[in-house]
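Chains, contacts and geometry: an overview
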Amino acid sequence: MEGIEAEEFLSLGLAIVSDSGGERKRKRKKQEAFPGLNLNDQGSKEGKIFGLLQTREQMMKLDHHKKRKGAVEDGKGLHLIHLLLISATSIDQNNVDLAVDNLTDLYQNASLIGDSVQRLAAHFADGLIARLLTRKSPFFDMIMKQPTPEEEFLAFMELYRVSPIFQFAHFTANQAIIEAFEAEEESNNMALHVIDFDISYGFQWPSLIQSLSEKATGNNRISLRITGFGRSLEELQETETRLVSFAKGFRNLVFEFEGFFGGSKLVNLRKRKDETVAVNLVFHLNTLNSFSKVSETLKSVHSLKPSIILLVEQEGSRSLRSFLSRFMESLHYFAAMFDSLDDSLPLGSAERLSIEKNHLGKEIKNVMNCDKDETSGPPRYEKMETWKGRMESHGFSGMKLSSKSMIQAKLLLKIRSHYCPVQFDGQNKGGFRVFERDEGRAISLGWQDRCLITASAWQCV
(Lines give C-alpha, C1' and ligand atoms only; values in the text may rest on other atoms or scores of the structure.)
Protein backbone atom coordinates (compact mmCIF):
# COMPACT_ATOMS: atom_id res chain seq x y z
CA MET A 1 0.00 0.00 0.00
CA GLU A 2 2.73 2.44 0.94
CA GLY A 3 4.58 1.76 -2.30
CA ILE A 4 1.49 2.46 -4.34
CA GLU A 5 0.74 5.79 -2.68
CA ALA A 6 4.36 6.96 -2.60
CA GLU A 7 4.53 6.42 -6.35
CA GLU A 8 1.40 8.53 -6.79
CA PHE A 9 2.92 11.37 -4.79
CA LEU A 10 6.01 11.35 -7.00
CA SER A 11 4.06 11.11 -10.25
CA LEU A 12 1.85 14.06 -9.48
CA GLY A 13 4.67 16.36 -8.48
CA LEU A 14 2.03 18.37 -6.62
CA ALA A 15 3.02 17.77 -3.01
CA ILE A 16 2.04 20.68 -0.84
CA VAL A 17 5.22 22.59 -0.08
CA SER A 18 5.99 23.01 3.62
CA ASP A 19 5.24 26.32 5.28
CA SER A 20 8.88 27.04 6.05
CA GLY A 21 9.40 28.91 2.79
CA GLY A 22 6.15 30.88 3.01
CA GLU A 23 3.38 31.49 0.50
CA ARG A 24 5.64 33.27 -1.99
CA LYS A 25 8.04 30.31 -2.12
CA ARG A 26 5.13 27.89 -2.72
CA LYS A 27 3.78 29.93 -5.60
CA ARG A 28 7.21 30.25 -7.20
CA LYS A 29 7.82 26.47 -7.01
CA LYS A 30 4.42 25.73 -8.52
CA GLN A 31 5.06 28.09 -11.41
CA GLU A 32 8.58 26.75 -12.01
CA ALA A 33 7.20 23.20 -12.16
CA PHE A 34 4.67 24.15 -14.86
CA PRO A 35 5.92 27.15 -16.85
CA GLY A 36 3.35 28.88 -19.03
CA LEU A 37 0.38 27.88 -16.83
CA ASN A 38 -1.32 30.46 -14.61
CA LEU A 39 -1.56 28.24 -11.52
CA ASN A 40 -1.60 31.04 -8.92
CA ASP A 41 -4.73 32.67 -10.35
CA GLN A 42 -7.54 30.77 -8.65
CA GLY A 43 -9.96 32.30 -11.15
CA SER A 44 -8.22 30.76 -14.18
CA LYS A 45 -9.06 27.28 -15.45
CA GLU A 46 -5.53 26.05 -14.73
CA GLY A 47 -5.60 27.53 -11.23
CA LYS A 48 -8.93 25.90 -10.42
CA ILE A 49 -7.81 22.51 -11.68
CA PHE A 50 -4.52 22.82 -9.79
CA GLY A 51 -6.50 23.51 -6.61
CA LEU A 52 -8.66 20.48 -7.38
CA LEU A 53 -5.56 18.31 -7.78
CA GLN A 54 -4.30 19.51 -4.41
CA THR A 55 -7.60 18.34 -2.89
CA ARG A 56 -7.07 15.01 -4.64
CA GLU A 57 -3.63 14.78 -3.10
CA GLN A 58 -5.01 15.48 0.34
CA MET A 59 -7.33 12.48 -0.16
CA MET A 60 -4.36 10.32 -1.10
CA LYS A 61 -2.35 11.62 1.85
CA LEU A 62 -5.12 10.59 4.25
CA ASP A 63 -5.27 7.18 2.53
CA HIS A 64 -1.49 6.88 2.78
CA HIS A 65 -1.61 7.34 6.55
CA LYS A 66 -4.73 5.16 6.75
CA LYS A 67 -6.76 7.85 8.51
CA ARG A 68 -9.99 6.93 6.73
CA LYS A 69 -12.82 5.15 8.46
CA GLY A 70 -14.24 1.97 6.95
CA ALA A 71 -17.52 2.34 5.08
CA VAL A 72 -19.36 5.56 4.39
CA GLU A 73 -22.48 6.28 6.44
CA ASP A 74 -25.91 5.37 5.10
CA GLY A 75 -26.87 7.79 2.35
CA LYS A 76 -23.30 9.00 1.77
CA GLY A 77 -22.78 6.42 -0.97
CA LEU A 78 -25.74 7.80 -2.91
CA HIS A 79 -24.36 11.30 -2.33
CA LEU A 80 -21.06 10.30 -3.94
CA ILE A 81 -22.85 8.84 -6.96
CA HIS A 82 -24.94 12.03 -7.18
CA LEU A 83 -21.75 14.13 -7.18
CA LEU A 84 -20.32 11.97 -9.97
CA LEU A 85 -23.44 12.46 -12.08
CA ILE A 86 -23.42 16.25 -11.58
CA SER A 87 -19.69 16.40 -12.36
CA ALA A 88 -20.07 14.38 -15.55
CA THR A 89 -23.01 16.48 -16.71
CA SER A 90 -21.14 19.71 -15.94
CA ILE A 91 -18.08 18.57 -17.90
CA ASP A 92 -20.27 17.54 -20.83
CA GLN A 93 -21.78 21.06 -20.77
CA ASN A 94 -18.31 22.65 -20.41
CA ASN A 95 -19.26 24.14 -17.03
CA VAL A 96 -15.80 24.02 -15.45
CA ASP A 97 -16.73 25.91 -12.26
CA LEU A 98 -19.56 23.54 -11.33
CA ALA A 99 -17.49 20.48 -12.27
CA VAL A 100 -14.55 21.60 -10.11
CA ASP A 101 -16.84 22.34 -7.14
CA ASN A 102 -18.42 18.90 -7.25
CA LEU A 103 -15.18 17.03 -7.89
CA THR A 104 -13.64 18.87 -4.92
CA ASP A 105 -16.53 17.64 -2.77
CA LEU A 106 -16.00 14.15 -4.19
CA TYR A 107 -12.32 13.99 -3.27
CA GLN A 108 -13.14 15.19 0.26
CA ASN A 109 -15.40 12.15 0.72
CA ALA A 110 -13.92 9.49 -1.59
CA SER A 111 -11.05 7.16 -0.74
CA LEU A 112 -8.89 4.55 -2.45
CA ILE A 113 -8.99 2.43 0.72
CA GLY A 114 -12.64 2.99 1.74
CA ASP A 115 -15.66 0.91 0.82
CA SER A 116 -16.46 -0.05 -2.76
CA VAL A 117 -18.47 3.14 -3.44
CA GLN A 118 -15.69 5.42 -2.14
CA ARG A 119 -13.11 3.60 -4.24
CA LEU A 120 -15.29 3.69 -7.34
CA ALA A 121 -15.88 7.43 -6.87
CA ALA A 122 -12.15 8.15 -6.50
CA HIS A 123 -11.26 6.38 -9.77
CA PHE A 124 -14.13 7.93 -11.73
CA ALA A 125 -13.18 11.37 -10.37
CA ASP A 126 -9.70 10.86 -11.85
CA GLY A 127 -11.21 10.02 -15.22
CA LEU A 128 -13.39 13.14 -15.07
CA ILE A 129 -10.48 15.41 -14.15
CA ALA A 130 -8.57 14.13 -17.19
CA ARG A 131 -11.59 14.97 -19.31
CA LEU A 132 -11.38 18.59 -18.15
CA LEU A 133 -7.86 18.79 -19.56
CA THR A 134 -6.35 18.77 -23.04
CA ARG A 135 -3.83 16.11 -23.98
CA LYS A 136 -1.16 18.82 -24.07
CA SER A 137 -1.66 19.67 -20.40
CA PRO A 138 1.07 18.29 -18.07
CA PHE A 139 -1.70 17.42 -15.63
CA PHE A 140 -3.31 15.09 -18.20
CA ASP A 141 -0.29 12.75 -18.31
CA MET A 142 -0.09 12.77 -14.51
CA ILE A 143 -3.70 11.65 -14.10
CA MET A 144 -3.63 9.21 -17.02
CA LYS A 145 -0.33 7.60 -16.06
CA GLN A 146 -0.48 3.97 -17.17
CA PRO A 147 0.76 1.04 -15.07
CA THR A 148 3.96 -0.68 -16.12
CA PRO A 149 3.59 -3.97 -18.01
CA GLU A 150 4.65 -5.79 -14.84
CA GLU A 151 2.03 -3.99 -12.72
CA GLU A 152 -0.64 -4.65 -15.33
CA PHE A 153 0.24 -8.35 -15.50
CA LEU A 154 0.18 -8.80 -11.73
CA ALA A 155 -3.16 -6.99 -11.44
CA PHE A 156 -4.73 -9.14 -14.15
CA MET A 157 -3.29 -12.30 -12.59
CA GLU A 158 -4.77 -11.42 -9.19
CA LEU A 159 -8.18 -10.64 -10.72
CA TYR A 160 -8.06 -13.90 -12.68
CA ARG A 161 -7.27 -15.81 -9.49
CA VAL A 162 -9.95 -14.39 -7.20
CA SER A 163 -12.86 -13.55 -9.52
CA PRO A 164 -14.88 -16.00 -11.65
CA ILE A 165 -15.28 -13.52 -14.53
CA PHE A 166 -12.33 -14.43 -16.76
CA GLN A 167 -12.36 -18.08 -15.73
CA PHE A 168 -16.04 -18.30 -16.72
CA ALA A 169 -15.18 -16.86 -20.15
CA HIS A 170 -12.25 -19.20 -20.71
CA PHE A 171 -13.77 -22.39 -19.32
CA THR A 172 -17.01 -21.93 -21.25
CA ALA A 173 -15.13 -21.31 -24.50
CA ASN A 174 -12.79 -24.26 -23.87
CA GLN A 175 -15.68 -26.63 -23.19
CA ALA A 176 -17.22 -25.75 -26.55
CA ILE A 177 -13.84 -26.22 -28.28
CA ILE A 178 -13.40 -29.68 -26.74
CA GLU A 179 -16.88 -30.72 -27.85
CA ALA A 180 -16.19 -29.51 -31.41
CA PHE A 181 -12.94 -31.53 -31.37
CA GLU A 182 -14.73 -34.65 -30.10
CA ALA A 183 -17.37 -34.35 -32.83
CA GLU A 184 -14.64 -34.62 -35.50
CA GLU A 185 -12.42 -37.28 -33.89
CA GLU A 186 -12.96 -39.73 -36.73
CA SER A 187 -11.64 -37.26 -39.32
CA ASN A 188 -9.27 -34.81 -37.58
CA ASN A 189 -6.27 -37.12 -36.98
CA MET A 190 -6.46 -36.13 -33.29
CA ALA A 191 -5.26 -32.64 -34.24
CA LEU A 192 -6.69 -29.36 -32.92
CA HIS A 193 -5.68 -25.92 -34.19
CA VAL A 194 -6.80 -22.92 -32.11
CA ILE A 195 -6.47 -19.47 -33.66
CA ASP A 196 -6.60 -16.91 -30.83
CA PHE A 197 -7.10 -13.33 -32.03
CA ASP A 198 -6.00 -11.90 -28.68
CA ILE A 199 -3.67 -14.29 -26.87
CA SER A 200 -2.98 -11.75 -24.10
CA TYR A 201 -1.17 -13.64 -21.31
CA GLY A 202 -2.35 -17.05 -22.51
CA PHE A 203 -4.25 -17.79 -19.28
CA GLN A 204 -7.08 -19.47 -21.22
CA TRP A 205 -5.06 -22.39 -22.54
CA PRO A 206 -3.56 -24.40 -19.60
CA SER A 207 -7.03 -25.75 -18.77
CA LEU A 208 -7.55 -26.79 -22.41
CA ILE A 209 -4.13 -28.47 -22.47
CA GLN A 210 -5.01 -30.40 -19.32
CA SER A 211 -8.45 -31.43 -20.61
CA LEU A 212 -7.04 -32.67 -23.93
CA SER A 213 -4.34 -34.63 -22.13
CA GLU A 214 -7.02 -36.46 -20.14
CA LYS A 215 -8.52 -37.63 -23.45
CA ALA A 216 -5.21 -38.75 -24.96
CA THR A 217 -3.18 -41.91 -24.36
CA GLY A 218 0.48 -42.78 -24.70
CA ASN A 219 -0.16 -44.53 -28.02
CA ASN A 220 -2.74 -42.07 -29.31
CA ARG A 221 -1.35 -38.61 -28.66
CA ILE A 222 -3.30 -35.42 -29.37
CA SER A 223 -1.74 -32.56 -31.31
CA LEU A 224 -2.60 -29.05 -30.12
CA ARG A 225 -1.41 -26.07 -32.14
CA ILE A 226 -2.14 -22.54 -30.96
CA THR A 227 -1.72 -19.55 -33.24
CA GLY A 228 -1.84 -16.44 -31.11
CA PHE A 229 -2.02 -12.76 -32.01
CA GLY A 230 -0.46 -10.45 -29.43
CA ARG A 231 0.15 -6.78 -28.71
CA SER A 232 3.95 -6.94 -28.47
CA LEU A 233 6.86 -9.24 -29.20
CA GLU A 234 7.75 -9.38 -25.51
CA GLU A 235 4.22 -10.42 -24.53
CA LEU A 236 4.16 -13.13 -27.22
CA GLN A 237 7.53 -14.51 -26.13
CA GLU A 238 6.53 -14.60 -22.45
CA THR A 239 3.21 -16.27 -23.30
CA GLU A 240 4.92 -18.87 -25.47
CA THR A 241 7.42 -19.62 -22.70
CA ARG A 242 4.66 -20.12 -20.14
CA LEU A 243 2.54 -22.36 -22.37
CA VAL A 244 5.41 -24.49 -23.69
CA SER A 245 6.70 -25.00 -20.15
CA PHE A 246 3.23 -26.03 -18.93
CA ALA A 247 2.62 -28.38 -21.87
CA LYS A 248 5.89 -30.24 -21.22
CA GLY A 249 4.22 -31.84 -18.22
CA PHE A 250 1.82 -33.72 -20.52
CA ARG A 251 3.75 -36.33 -22.49
CA ASN A 252 0.69 -37.60 -24.38
CA LEU A 253 0.22 -34.16 -25.96
CA VAL A 254 2.15 -32.63 -28.87
CA PHE A 255 2.10 -28.86 -28.40
CA GLU A 256 3.07 -26.08 -30.81
CA PHE A 257 2.78 -22.32 -30.49
CA GLU A 258 3.15 -19.66 -33.18
CA GLY A 259 2.81 -15.98 -32.39
CA PHE A 260 1.95 -13.02 -34.63
CA PHE A 261 1.56 -9.32 -34.00
CA GLY A 262 -2.07 -8.19 -33.74
CA GLY A 263 -2.00 -6.48 -37.12
CA SER A 264 -0.67 -9.51 -39.01
CA LYS A 265 -2.69 -10.79 -41.95
CA LEU A 266 -4.39 -14.17 -41.78
CA VAL A 267 -2.74 -15.20 -45.04
CA ASN A 268 0.32 -16.09 -42.93
CA LEU A 269 -1.54 -18.87 -41.14
CA ARG A 270 -0.52 -22.43 -41.87
CA LYS A 271 -3.58 -24.67 -42.02
CA ARG A 272 -3.10 -28.41 -42.11
CA LYS A 273 -5.29 -31.00 -43.69
CA ASP A 274 -7.81 -32.82 -41.53
CA GLU A 275 -7.49 -30.80 -38.33
CA THR A 276 -10.24 -29.27 -36.21
CA VAL A 277 -9.93 -25.50 -36.41
CA ALA A 278 -11.34 -23.30 -33.65
CA VAL A 279 -11.26 -19.49 -33.77
CA ASN A 280 -11.14 -17.73 -30.41
CA LEU A 281 -12.67 -14.24 -30.28
CA VAL A 282 -12.69 -13.90 -26.51
CA PHE A 283 -12.64 -10.19 -25.56
CA HIS A 284 -11.31 -9.25 -29.00
CA LEU A 285 -13.99 -7.64 -31.15
CA ASN A 286 -14.55 -4.87 -28.59
CA THR A 287 -10.95 -3.72 -29.14
CA LEU A 288 -11.63 -2.92 -32.81
CA ASN A 289 -12.48 0.77 -32.99
CA SER A 290 -14.59 0.78 -36.16
CA PHE A 291 -17.39 -1.25 -37.70
CA SER A 292 -15.26 -1.74 -40.82
CA LYS A 293 -12.51 -3.46 -38.77
CA VAL A 294 -15.07 -5.70 -37.08
CA SER A 295 -16.51 -6.59 -40.49
CA GLU A 296 -13.06 -7.21 -41.98
CA THR A 297 -12.16 -9.51 -39.08
CA LEU A 298 -15.37 -11.53 -39.34
CA LYS A 299 -14.92 -11.92 -43.10
CA SER A 300 -11.38 -13.20 -42.52
CA VAL A 301 -12.61 -15.64 -39.91
CA HIS A 302 -15.31 -16.94 -42.26
CA SER A 303 -12.71 -17.50 -44.99
CA LEU A 304 -10.88 -19.92 -42.67
CA LYS A 305 -13.96 -22.18 -42.52
CA PRO A 306 -13.36 -23.11 -38.87
CA SER A 307 -15.36 -25.81 -37.12
CA ILE A 308 -16.31 -23.41 -34.32
CA ILE A 309 -15.96 -19.74 -33.40
CA LEU A 310 -16.02 -18.66 -29.75
CA LEU A 311 -17.28 -15.19 -28.91
CA VAL A 312 -17.14 -13.72 -25.40
CA GLU A 313 -17.71 -10.02 -24.75
CA GLN A 314 -18.57 -7.62 -21.98
CA GLU A 315 -22.20 -6.62 -22.01
CA GLY A 316 -22.82 -2.92 -22.54
CA SER A 317 -23.38 -0.06 -24.92
CA ARG A 318 -20.41 2.21 -24.19
CA SER A 319 -19.92 3.88 -27.55
CA LEU A 320 -18.17 7.04 -28.68
CA ARG A 321 -21.36 8.79 -29.72
CA SER A 322 -22.39 10.22 -26.36
CA PHE A 323 -20.09 10.88 -23.40
CA LEU A 324 -22.94 10.88 -20.87
CA SER A 325 -24.40 7.58 -22.07
CA ARG A 326 -20.91 6.06 -22.02
CA PHE A 327 -20.36 7.45 -18.52
CA MET A 328 -23.64 6.04 -17.18
CA GLU A 329 -23.11 2.62 -18.73
CA SER A 330 -19.55 2.49 -17.40
CA LEU A 331 -20.61 3.60 -13.93
CA HIS A 332 -23.14 0.75 -13.70
CA TYR A 333 -20.66 -1.82 -15.01
CA PHE A 334 -17.73 -0.84 -12.80
CA ALA A 335 -19.97 -0.41 -9.75
CA ALA A 336 -20.83 -4.10 -10.16
CA MET A 337 -17.15 -4.99 -10.61
CA PHE A 338 -16.03 -3.10 -7.49
CA ASP A 339 -18.94 -4.49 -5.50
CA SER A 340 -18.18 -8.04 -6.61
CA LEU A 341 -14.64 -7.75 -5.26
CA ASP A 342 -16.19 -7.57 -1.77
CA ASP A 343 -17.04 -11.23 -2.32
CA SER A 344 -13.42 -12.13 -3.05
CA LEU A 345 -11.00 -9.89 -1.17
CA PRO A 346 -10.98 -7.82 2.04
CA LEU A 347 -10.93 -4.04 1.62
CA GLY A 348 -7.37 -3.62 2.86
CA SER A 349 -5.68 -6.34 0.82
CA ALA A 350 -2.73 -5.37 -1.39
CA GLU A 351 -4.12 -7.60 -4.15
CA ARG A 352 -7.38 -5.66 -4.26
CA LEU A 353 -5.57 -2.31 -4.38
CA SER A 354 -3.46 -3.60 -7.27
CA ILE A 355 -6.54 -4.81 -9.19
CA GLU A 356 -8.41 -1.56 -8.67
CA LYS A 357 -5.52 0.75 -9.50
CA ASN A 358 -3.74 -1.09 -12.31
CA HIS A 359 -6.62 -2.87 -14.04
CA LEU A 360 -10.07 -1.49 -13.25
CA GLY A 361 -8.86 2.06 -12.57
CA LYS A 362 -6.92 2.08 -15.81
CA GLU A 363 -10.01 0.92 -17.75
CA ILE A 364 -12.18 3.59 -16.11
CA LYS A 365 -9.83 6.43 -17.03
CA ASN A 366 -9.38 5.10 -20.56
CA VAL A 367 -13.09 4.70 -21.28
CA MET A 368 -13.80 8.20 -19.92
CA ASN A 369 -11.20 9.70 -22.27
CA CYS A 370 -11.13 7.28 -25.21
CA ASP A 371 -12.38 9.93 -27.64
CA LYS A 372 -9.17 11.88 -26.98
CA ASP A 373 -7.05 9.00 -28.30
CA GLU A 374 -6.84 9.24 -32.07
CA THR A 375 -4.87 6.00 -32.42
CA SER A 376 -6.77 3.32 -30.50
CA GLY A 377 -10.26 4.75 -30.14
CA PRO A 378 -12.93 3.53 -27.72
CA PRO A 379 -13.62 -0.12 -26.82
CA ARG A 380 -16.78 -1.24 -28.59
CA TYR A 381 -18.94 -2.78 -25.87
CA GLU A 382 -22.30 -3.95 -27.21
CA LYS A 383 -25.32 -5.93 -26.10
CA MET A 384 -25.50 -9.63 -26.94
CA GLU A 385 -28.28 -8.96 -29.44
CA THR A 386 -26.05 -6.52 -31.35
CA TRP A 387 -23.18 -8.99 -31.65
CA LYS A 388 -25.67 -11.69 -32.67
CA GLY A 389 -26.89 -9.51 -35.55
CA ARG A 390 -23.35 -8.83 -36.70
CA MET A 391 -22.37 -12.50 -36.61
CA GLU A 392 -25.46 -13.59 -38.53
CA SER A 393 -24.99 -10.87 -41.16
CA HIS A 394 -21.45 -12.20 -41.81
CA GLY A 395 -22.51 -15.80 -42.45
CA PHE A 396 -22.45 -17.37 -38.97
CA SER A 397 -25.17 -19.17 -37.07
CA GLY A 398 -25.35 -19.70 -33.31
CA MET A 399 -24.66 -23.12 -31.82
CA LYS A 400 -26.49 -24.40 -28.77
CA LEU A 401 -24.15 -24.74 -25.82
CA SER A 402 -24.24 -28.09 -24.04
CA SER A 403 -25.56 -28.74 -20.56
CA LYS A 404 -21.94 -29.41 -19.53
CA SER A 405 -21.14 -25.73 -20.08
CA MET A 406 -23.90 -24.64 -17.71
CA ILE A 407 -23.01 -27.24 -15.10
CA GLN A 408 -19.37 -26.17 -15.28
CA ALA A 409 -20.29 -22.49 -14.88
CA LYS A 410 -22.43 -23.21 -11.81
CA LEU A 411 -19.65 -25.28 -10.24
CA LEU A 412 -17.14 -22.48 -10.88
CA LEU A 413 -19.37 -19.97 -9.09
CA LYS A 414 -19.79 -22.25 -6.10
CA ILE A 415 -16.01 -22.52 -5.82
CA ARG A 416 -15.27 -18.84 -6.41
CA SER A 417 -18.13 -17.23 -4.42
CA HIS A 418 -17.06 -16.73 -0.81
CA TYR A 419 -19.63 -14.61 1.01
CA CYS A 420 -22.59 -13.87 -1.26
CA PRO A 421 -24.94 -16.71 -2.30
CA VAL A 422 -24.76 -17.84 -5.91
CA GLN A 423 -27.80 -17.15 -8.10
CA PHE A 424 -29.16 -19.39 -10.82
CA ASP A 425 -32.12 -18.95 -13.15
CA GLY A 426 -35.19 -17.47 -11.49
CA GLN A 427 -33.46 -16.41 -8.27
CA ASN A 428 -33.15 -12.84 -7.04
CA LYS A 429 -30.55 -13.09 -4.29
CA GLY A 430 -27.31 -11.10 -4.22
CA GLY A 431 -24.02 -12.30 -5.65
CA PHE A 432 -22.90 -13.79 -8.96
CA ARG A 433 -25.39 -15.51 -11.23
CA VAL A 434 -25.33 -17.50 -14.48
CA PHE A 435 -28.22 -17.87 -16.90
CA GLU A 436 -28.93 -19.12 -20.41
CA ARG A 437 -30.00 -16.78 -23.20
CA ASP A 438 -31.07 -16.99 -26.83
CA GLU A 439 -32.64 -20.44 -26.37
CA GLY A 440 -29.44 -21.95 -24.98
CA ARG A 441 -27.10 -20.45 -27.59
CA ALA A 442 -25.48 -18.14 -25.04
CA ILE A 443 -24.61 -18.15 -21.33
CA SER A 444 -24.21 -14.94 -19.35
CA LEU A 445 -22.48 -14.20 -16.07
CA GLY A 446 -23.82 -11.37 -13.94
CA TRP A 447 -23.47 -9.71 -10.57
CA GLN A 448 -26.85 -9.23 -8.88
CA ASP A 449 -29.08 -7.67 -11.58
CA ARG A 450 -26.19 -6.56 -13.81
CA CYS A 451 -25.12 -8.73 -16.77
CA LEU A 452 -21.31 -8.62 -17.04
CA ILE A 453 -20.21 -10.95 -19.86
CA THR A 454 -21.81 -13.31 -22.36
CA ALA A 455 -20.30 -16.37 -24.07
CA SER A 456 -21.57 -17.91 -27.30
CA ALA A 457 -20.43 -20.35 -30.00
CA TRP A 458 -20.86 -20.02 -33.77
CA GLN A 459 -20.38 -21.95 -37.01
CA CYS A 460 -20.15 -20.97 -40.66
CA VAL A 461 -23.25 -21.36 -42.83
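Residues numbered from 1 in each chain as written. Predicted model: local features only at pLDDT ≥ 70, side-chain atom pairs only at ≥ 80, totals over all residues. Heavy atoms only, no water.

Our next topic: the packing of helix α9 (residues 164-183) against helix α10 (residues 205-215). One way to put it is that α9 packs onto α10 with a least axis distance of 10 Å and a crossing angle of 35°. Crossing handedness for the pair α9 and α10: right-handed. Contacts from F171, N174, I177, I178, F181 and E182 in α9 reach W205, S207, L208, S211, L212 and K215 in α10. Of the residues assigned to the contact of α9 with α10, the class counts are seven nonpolar, three polar and two charged. (Axes fitted to C-alpha atoms, helices over the stretch in contact; angles between N-to-C directions. Helix = DSSP H or I, 4+ residues; strand = E, 2+ residues; numbered from the N terminus. Left-handed = near helix turned anticlockwise from the far one by under 90°. Contact = heavy atoms within 4.5 Å. Nonpolar A, V, L, I, M, F, W, Y, C, P; charged D, E, K, R; others polar.)

A few words now on the nonpolar core. Grouped together as the largest cluster of nonpolar side chains are 105 residues, with contacts concentrated most on L103, F124, L128, F168, L208, L224 and F327. The biggest single contributor to this core is α9, with ten residues. Not counting chain neighbours up to four residues away, the residues in contact with F327 comprise L84, L85, A88, F124, L128 and M368. If you look at the next biggest cluster of nonpolar residues, it comprises 21 residues, including L266, V301, L304 and M391. (Core = buried A, V, L, I, M, F, W, Y, C linked by side-chain atoms within 4.5 Å. Buried < 20%, exposed > 50% of the residue type's maximum accessible area, 1.4 Å probe, protein only.)

Here we take up the side chain of S456. By the secondary structure assignment, S456 is in strand β9 (residues 450-460). With residues up to four places along the chain from it excluded, the contact list for S456 reads I309, L310, L311, L401, R441 and A442.

A complete count under the given rule lists 18 salt bridges for this structure. The closest approach of N and O atoms between R352 and E356, which form a salt bridge, is 2.8 Å. Here R352 pairs with E356, and both are found in helix α14 (residues 350-368), just four residues apart, close to one helical turn. Residue classification places R352 among the buried residues on the basis of a relative accessible area of 0%. Taking the shortest distance from any N to any O, the salt bridge between E382 and R390 comes out at 3.7 Å. Residue classification places E382 among the buried positions, given a relative accessible area of 13%. The buried category is assigned to R390, whose relative accessible area is 16%. Three or more residues are tied together by salt bridges with common partners; here these are R119, D342, R352 and E356. (Salt bridge = Lys/Arg side-chain N within 4 Å of Asp/Glu carboxyl O.)

Let's shift gears to unusual backbone geometry. At D274, a residue that is not glycine, the phi angle is positive and equals roughly 55°. With respect to the helices and strands, D274 occurs in the loop between β3 (253-261) and β4 (276-282). With a relative accessible area of 39%, D274 lands in the partly exposed category.

Time to look at the environment of E152. You can see E152 is positioned in helix α8 (residues 149-162). Sequence separation between E152 and K362 is 210 residues, and the spatial gap between their C-alpha atoms is 9.2 Å. Leave out the neighbours within four places in its chain, and E152 touches P147, Y201, N358 and K362.

Below, the discussion takes up helix α12 (residues 291-303). The end-to-end C-alpha distance of α12, which contains 13 residues, comes to 18 Å, matching closely the 18 Å that a straight helix rising 1.5 Å per residue would cover. Listed in full, the buried residues belonging to α12 are V294, S295, T297, L298, V301 and H302. For α12, the buried positions fall inside an angular range of 160° around the axis, keeping them on one side. In α12, the exposed positions that point more than 90 degrees away from the buried face belong to S292, K299 and S303. Residues of α12 that are buried sit in contact with β4, β5 (308-314), α15 (384-393), β6 (396-399) and β9. Following α12 by one or two positions, K305 has its phi on the positive side, about 50°. (Expected span 1.5 Å × (residues − 1). Arc of directions from axis to C-beta.)

All right, on to the confidence of the model for the chain then. When pLDDT is averaged along the chain, the result is 85, and 82% of the positions lie at 70 or above. Segment residues 1-23: pLDDT under 50, and 39 contacts once partners within four positions in sequence are set aside and those in other chains are kept. The model gives residues 29-37 a pLDDT under 50, and that stretch makes 20 contacts with residues more than four places away or in other chains. (pLDDT = per-residue confidence, 0-100.)

Let's shift gears to the packing of aromatic side chains. Following the criterion strictly, the structure yields 18 aromatic pairs and no others. For the pair F124 and F327, a centre-to-centre distance of 5.7 Å together with 85° between the ring planes defines the contact as edge-to-face. With F124 in helix α6 (residues 116-132) and F327 in helix α13 (residues 323-341), this pair connects stretches of sequence that are 203 residues apart. There is no split in this pair, since F124 and F327 are both buried. When the ring centre of F323 is taken as reference, the NZ or CZ atom of R131 above it lies at 4.0 Å. If you follow R390 out to its NZ or CZ, it ends over the ring of W387, 5.3 Å from the centre. (Phe/Tyr/Trp six-rings, centres within 6.5 Å; stacked < 30°, edge-to-face > 60°. Lys NZ or Arg CZ within 6 Å of the ring centre and 35° of its normal.)

Here we come to the pairing of β3. In the sheet, strand β2 (residues 222-230) pairs with β3 via nine bridges, with the strands oriented parallel. Bridged to R225 within β3 is E256. As for the winding sense of the linkage, the β-α-β connection from β2 through helix α11 (residues 233-247) to β3 is right-handed. (Pairing = 2+ DSSP bridges. Right-handed = clockwise from strand over helix to strand, strands pointing away.)

Let's shift gears to the pairing of β5. Every other side chain in a regular strand lies on the same face of the sheet, so the side chains alternate between the two faces. Where burial is concerned, most of β5 is hidden: seven out of the seven residues are buried. The alternating pattern of β5 places I308, L310, V312 and Q314 and I309, L311 and E313 on opposite faces, both of which are buried. Bridge analysis of β4 against β5 gives five bridges, and the strand direction is parallel. Among the inter-strand pairings, V282 is bridged to a residue of β5, identified as V312. Since β4 and β5 lie parallel, the crossover through α12 that links them has a hand, and here it is right-handed. Where β5 and β9 come together, six bridges link them in antiparallel fashion. Opposite V312, over in β9, you have A455 as the bridge partner.

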